[in-house]
Amino acid sequence: DDDGLWEGHNVRDVATPQAWERNKELVLDFYNQRRAQAHSVDPHNGHKALAKLEDEFDVTIVTQNVDDLHERAGSSDVLHLHGELSKVRSEKDRSLIYDIGGDSIELGDTAEDGAQLRPHVVWFGEPVPNMRKASAIVPEADILVVIGTSLVVYPAAGLVDLVDNNTSKYVVDPE
């Protein structure tokens, strides 16, 4: 929710284009901490179970999460709707993307075009570039499993409406 708190910060202060323009150092510090935190944890049994499904099925994971836990669990086909925390990009040229793993970025770290590097995540108020890809993948599903989401964050929540009425659907509620 764009007026909620995230790790003690109002998301408007760390997860919007306006926050970036106002205080790049705060935003970089916030994401450096999130990146280090994500890098320090291991995939849980849910991530591993989804990866194991690839032994028997053609599985595509469409995730709103920005961590790389699905990949580290062994999933080979993961589409990140909201970007990837382990990557950064030029603030001017969205196509200049660099994988930095768990490393930090600071003010003055630049892309090859000379622009400041910023987190490769989708902030509130920005378009979701991978929605077109997800909107093509989801209708092709033979089975749709929705896991760990409240189904209230749009446009991602609308993906469930794209599957055929005859498609088996399962929702694993986070509650």
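Structure's up top.
Read on for an overview of the structure. (Residues numbered from 1 in each chain as written. Predicted model: local features only at pLDDT ≥ 70, side-chain atom pairs only at ≥ 80, totals over all residues. Heavy atoms only, no water.)

Our focus in this paragraph is the overall build of the protein chain. Along the backbone of the protein chain there are six helices and nine strands. Relative to the 2.2 N^0.38 estimate, which gives 16 Å for 175 residues, the radius of gyration of the protein chain is 17 Å and therefore close to what a compact globule would have. Taken along its principal axes, the extent of the C-alpha atoms in the protein chain is 50 × 30 × 30 Å. Relative to its full complement of 175 residues, the protein chain shows a buried share of 38%. Sequence separation of 24 or more characterises 55% of the internal contacts of the protein chain that already satisfy a separation of 6 or more. By element, 48% of the accessible surface of the protein chain is carried by carbon and sulfur atoms, the whole surface being about 10400 Å². (Helix = DSSP H or I, 4+ residues; strand = E, 2+ residues; numbered from the N terminus. Rg over C-alpha atoms; globule rule 2.2 N^0.38 Å. Buried < 20%, exposed > 50% of the residue type's maximum accessible area, 1.4 Å probe, protein only. Contact = heavy atoms within 4.5 Å. Areas by Shrake-Rupley, 256 points an atom, 1.4 Å probe, with all protein chains shown as cover.)

Our focus in this paragraph is a negative patch on the surface. Among the surface-exposed residues, D58, D77, E140 and D142 lie close enough to one another that they form a single negatively charged patch. Within the secondary structure layout, E140 lies in the loop between α6 (131-137) and β8 (143-147). The exposure class of E140 is exposed, given its relative accessible area of 62%. (Patch = residues over 30% accessible without salt bridge, like charges linked within 9 Å, V, L, I, M, F, W, Y side chains within 5 Å. Salt bridge = Lys/Arg side-chain N within 4 Å of Asp/Glu carboxyl O. Lys, Arg positive; Asp, Glu negative; His and termini not counted. Charge placed at Lys NZ, Arg CZ, Asp CG, Glu CD.)

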